Amino acid sequence: MVEIADRENALFLELKDGRVTIELFPDSAPNHVARIKELAREGFYDGIVFHRVIEGFMAQTGDPTGTGSGGSGKKLKAEFNDRKHVKGTCSMARAASPDSGDSQWFICFGTTPHLNGQYTAWGQVIDGIEHVDAIKRGAPGSGAVKDPDQIVSLKVAADVAE
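Residues numbered from 1 in each chain as written. Predicted model: local features only at pLDDT ≥ 70, side-chain atom pairs only at ≥ 80, totals over all residues. Heavy atoms only, no water.

## Points about the sheet that holds strand 8 (residues 153–156)
Okay, so step 1: Read from one edge to the other, the open sheet built from eight strands follows the order 3-4-6-5-7-2-1-8, with strand pairing classed as antiparallel. Two strands in the sheet have a free side with no partner beyond their single neighbour: strand 3 (52–54) and strand 8. When the angles between neighbouring strand axes are averaged without regard to direction, this sheet yields 25°.
Okay, so step 2: Sheet analysis places strand 2 (residues 18–24) next to strand 7 (residues 121–127), joined by four bridges and oriented antiparallel. Residue pairing across strands places T21 opposite D127, the latter belonging to strand 7. (Pairing = 2+ DSSP bridges. Helix = DSSP H or I, 4+ residues; strand = E, 2+ residues; numbered from the N terminus. Axes fitted to C-alpha atoms, helices over the stretch in contact; angles between N-to-C directions.)

In structure tokens, the structure reads:
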């Protein structure tokens, strides 16, 4: 298990295969980090599926409808930053408008430089990346997943007794 410097700015993502620890970037994306933590504390993400998973690219989640078109109903202004999209980066999904991010987000399976400065990176997997790698992949191209894996729970580390 990895040492967590600031438990208020870390998440525990429980997946079917085990725990993933995500370090948050409040310095780079303060509003996104605050919103993700708020939704996590409400239990919003518990049971939500990874509806779009593209081999070699990313696993997307955060839509309560499981279709890719839903959200929490609160749009966030983009907080593009200089964080690089590498394996394990957690970043906000969005529509064409930069300020359309809501509750959907993704985890990168590898280095994806074309996303740098175009999507709000708000966290990085620091432990359990093997569990991310085990997320069920979707159809080539669309990434649509039949019988998708889901988030068991997403919690702020400070709220979990260890």
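## With respect to the pairing of strand 6 (residues 105–108)
When a strand is regular, its side chains alternate between the sheet's two faces.
Okay, so step 1: Burial along strand 6 is two-sided: the residues W105 and I107 and F106 and C108 are all buried.
Okay, so step 2: The sheet contact formed by strand 4 (residues 58–61) and strand 6 spans four bridges and is antiparallel. Opposite Q60, over in strand 6, you have F106 as the bridge partner. (Buried < 20%, exposed > 50% of the residue type's maximum accessible area, 1.4 Å probe, protein only.)

## A look at unusual backbone geometry
Okay, so step 1: Positive phi values are uncommon outside glycine, yet D147 reaches one of about 55°.
Okay, so step 2: Topologically, D147 is positioned in the loop between helix 2 (129–133) and strand 8.
Okay, so step 3: By relative accessible area, D147 is classed as exposed at 62%.

## Describing the packing of aromatic side chains
Okay, so step 1: Applying the stated criterion across every chain, the model contains four aromatic pairs.
Okay, so step 2: Ring geometry for F44 versus Y45: centroids 5.1 Å apart, planes at 85°, classification edge-to-face.
Okay, so step 3: A ring pair is formed by W105 and W122, whose centres lie 5.2 Å apart and whose planes are at 75°; its orientation type is edge-to-face. Linking W105 in strand 6 with W122 in strand 7, this pair joins segments that are 17 residues apart in sequence. Comparing W105 with W122 shows no difference in burial state: the two are buried. (Phe/Tyr/Trp six-rings, centres within 6.5 Å; stacked < 30°, edge-to-face > 60°.)

## Here's the deal with the layout of surface pockets
Okay, so step 1: Considered as a void within the structure, the largest pocket measures approximately 320 Å³ in volume.
Okay, so step 2: In terms of lining, the largest pocket is formed by 20 residues, of which the most central are Q60, A93, R94, A95 and Q104.
Okay, so step 3: Residues that form the lining of the largest pocket fall into these classes: seven nonpolar, nine polar and four charged. (1 Å grid on protein atoms, 1.4 Å probe; cavity = no way out; pocket = protein on both sides within 12 Å on 5 of 7 lines; lining within 4 Å. Points joined across faces, edges and corners; volume = space filled by probe spheres on them. Nonpolar A, V, L, I, M, F, W, Y, C, P; charged D, E, K, R; others polar.)

So yeah, pure geometry; function would need other evidence.
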